[in-house]
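# Observations on the three-dimensional arrangement
Okay, here's what each chain looks like letter by letter:
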Amino acid sequence: ATNACYHTTGDEVAIVDFAKLAKQAEIGFRLVVSLAESAERRSFAPLVAFDTYETFGLLDTWLRQTLMPALPDSAITLMASREPPSPGWTTSPGWSGMFREIELEGLDESQSLAMLQSRGLSEAQARRINSQYLKSLAARSRAAVSSPA
């Protein structure tokens, strides 16, 4: 990759390159930490974004108690997750008034295909990825129903 985006032109988007993903996650993490530790006054509001936040489970407390308080007051943090936020974000005295949860609805098939094609995929690639995603959702739903909570 030549930039901070996981998938770049020429990547097969259906294949996850975990080495590339890990390297880019490390670069992003180092950037956030250096911004948080910098004594330099910035004239912009830094944006810290966490995608698939549900995978950050073990880091959640550290992020809430250590990293986030070290960011400048002007920092904006965005967390995208398929799961609701941990209770600490909505009940802790320091966070309850600052945290805003917005639930987004899924895309229908035509919106999903349009979004994938807008990112440079052919119609056939978009349909294949959309089909694979729907199959994985169905499999997870079946597994959730067959496994006691």
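Residues numbered from 1 in each chain as written. Predicted model: local features only at pLDDT ≥ 70, side-chain atom pairs only at ≥ 80, totals over all residues. Heavy atoms only, no water.

## Here's the deal with the pairing of strand E1 (residues 47-50)
- Only one face of E1 is buried: it carries Val48 and Phe50, and the other face, with Leu47 and Ala49, is open.
- Pairing analysis gives 4 bridges linking E1 to strand E2 (residues 76-79), with the strands arranged parallel. Along E2, the bridge assignment pairs Leu47 with Ile76.
- As for the winding sense of the linkage, the β-α-β connection from E1 through helix H2 (residues 60-70) to E2 is right-handed. (Buried < 20%, exposed > 50% of the residue type's maximum accessible area, 1.4 Å probe, protein only. Helix = DSSP H or I, 4+ residues; strand = E, 2+ residues; numbered from the N terminus. Pairing = 2+ DSSP bridges. Right-handed = clockwise from strand over helix to strand, strands pointing away.)

## Focus on unusual backbone geometry
- If you check the backbone angles, Thr52 has positive phi at about 45° while not being a glycine.
- Relative to the helices and strands, Thr52 is located in the loop between E1 and H2.
- For Thr52, a relative accessible area of 34% translates into the label partly exposed.

## Digging into the confidence of the model for the chain
- Taken residue by residue, the chain gives an average pLDDT of 77. The fraction at 70 or more is 79%.
- Overall, residues 1-5 carries pLDDT values under 50, and its contacts beyond four positions in sequence, including any with other chains, amount to 8 contacts. (pLDDT = per-residue confidence, 0-100. Contact = heavy atoms within 4.5 Å.)

## Points about the packing of aromatic side chains
- Taken as a whole and judged by the stated rule, the model has 5 aromatic pairs.
- Considering the side-chain rings of Trp89 and Trp95, the 5.0 Å spacing of their centres and the 65° angle between planes classify their relative orientation as edge-to-face. Accessibility classification places Trp89 together with Trp95 in one group, the buried group.
- Grouping aromatic residues by their ring pairs yields a cluster made of Phe50, Tyr53 and Phe56. (Phe/Tyr/Trp six-rings, centres within 6.5 Å; stacked < 30°, edge-to-face > 60°.)

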